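# Notes for the structure review
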Amino acid sequence: MFPEYRELLGELKRSNRYVLRLCDRYQALDHRIQLIEARLEPGSPEEVEFLKRQKLGLTDELHGLLRQANLDRAPAAR
């Protein structure tokens, strides 16, 4: 997830509990989706779509936080 922000994401996960919780939730959703799609766990197509929408929302939120953090740490233009 977000290879261009890999280092920054690691920093934020260590320093920001909210970002860590978002990442943990993202991973849990991804894992659940994979299990359902592999038919290793019960779930309907509607449930998979719901989980994917939740995951997309987390992706959007994390991307926004990463972009802002990247801007905040960039040196100011003179």
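For the structure itself, consult the block above.
Residues numbered from 1 in each chain as written. Predicted model: local features only at pLDDT ≥ 70, side-chain atom pairs only at ≥ 80, totals over all residues. Heavy atoms only, no water.

### Brief notes about the nonpolar core
Inclusion rule: Only buried residues count toward a nonpolar core. Its members are Ala, Val, Leu, Ile, Met, Phe, Trp, Tyr and Cys residues joined through side-chain atoms within 4.5 Å. Exposure classes here rest on a 1.4 Å probe applied to the protein chains alone. A residue is buried below 20% of its type maximum, exposed above 50%, and partly exposed in between. Numbering goes from the N terminus for both helices and strands, where a helix is a DSSP run of H or I of at least four residues and a strand is a run of E of at least two.
The biggest cluster of nonpolar side chains holds 18 residues, and the ones touching the most others in it are Leu8, Leu12, Val19, Leu62 and Leu66. Looking at this core element by element, the count peaks at seven residues for helix α2 (residues 17-37).

### A look at the packing of helix α1 (residues 6-15) against helix α3 (residues 45-73)
Describing two packed helices takes the angle between their axes plus the distance from one axis to the other. Let me state the cut-off plainly: Simply put, an axis is a line fit to the C-alpha atoms, just over the touching stretch for a helix, and the angle between two N-to-C directions goes from 0 to 180 degrees. In these notes the angle categories are as follows: under 35 degrees is roughly parallel, over 145 is roughly antiparallel, 65 to 115 is roughly perpendicular, and the rest is oblique. Contacts were defined at the residue level, with two residues in contact if any of their heavy atoms lie within 4.5 Å. Each residue is assigned to one class: nonpolar for Ala, Val, Leu, Ile, Met, Phe, Trp, Tyr, Cys and Pro, charged for Asp, Glu, Lys and Arg, and polar for all the others, Gly among them.
At a minimum axis distance of 10 Å, the contact between α1 and α3 shows a crossing angle of 95 degrees. Between α1 and α3, the angle is such that the two are roughly perpendicular. Contact with α1, carried on its side by Glu7, Leu8, Leu9, Glu11 and Leu12, involves Leu66, Ala69, Asn70 and Arg73 of α3 and no other residues of that element. Residues that form the contact of α1 with α3 fall into these classes: five nonpolar, one polar and three charged.

### Here's the deal with the side chain of Asp30
Under the convention used in this document: Polar contact is the term for a pair of N or O atoms within 3.5 Å; when the atoms are in protein, one must be able to donate a hydrogen and the other to accept it, and sequence-neighboring residues count only if both atoms are side-chain atoms.
Turning to its location among the elements, Asp30 is positioned in helix α2. Polar side-chain contacts of Asp30 include one of 2.5 Å to the side chain of Lys55.

### Observations regarding the pattern of salt bridges
Note the cut-off: In the sections that follow, a salt bridge refers to a side-chain nitrogen of Lys or Arg positioned within 4 Å of a carboxyl oxygen of Asp or Glu.
In total, this model carries five salt bridges according to the counting rule given. Ionic pairing is found between Lys55 and Asp30, a salt bridge with its closest N-O pair at 2.5 Å. Taken together, the residues span a long stretch of sequence, with Lys55 in helix α3 and Asp30 in helix α2 at a distance of 25 residues. Taken individually, Lys55 and Asp30 each receive the classification buried, so the pair is uniform in this respect. In this structure, Glu47 and Arg32 form a salt bridge, with 2.6 Å as the shortest nitrogen-oxygen distance. Taken as a pair, Glu47 in helix α3 and Arg32 in helix α2 lie far apart in primary sequence, 15 residues in all. Taking relative accessible area as the criterion, Glu47 reaches 26% and is therefore assigned partly exposed. When salt bridges that share partners are traced, they join Arg32, Glu41 and Glu47 into one network.

### A look at unusual backbone geometry
In this model, Arg39 sits at a positive phi of 60 degrees, which is unusual for a non-glycine residue. With respect to the helices and strands, the residue Arg39 is situated in the loop between α2 and α3.

### Some details on the packing of α2 against α3
The condition is simple: Less than a right angle of anticlockwise turn of the near helix away from the far helix marks a crossing as left-handed, whereas a clockwise turn marks it as right-handed.
Closest axis-to-axis distance for the α2/α3 pair is 9 Å, and the angle between their directions is 150 degrees. As far as their axial angle goes, α3 and α2 are roughly antiparallel. Here α2 and α3 pass one another in a crossing that is left-handed. Residues Tyr18, Val19, Leu22, Cys23, Arg25, Tyr26, Leu29, Asp30, Arg32, Ile33, Ile36 and Glu37 of α2 lie in contact with α3, whose contacting residues are Glu47, Val48, Leu51, Lys52, Gln54, Lys55, Leu58, Thr59, Glu61, Leu62 and Leu65. Among the residues making up the contact of α2 with α3, the classes are represented as 13 nonpolar, two polar and eight charged.

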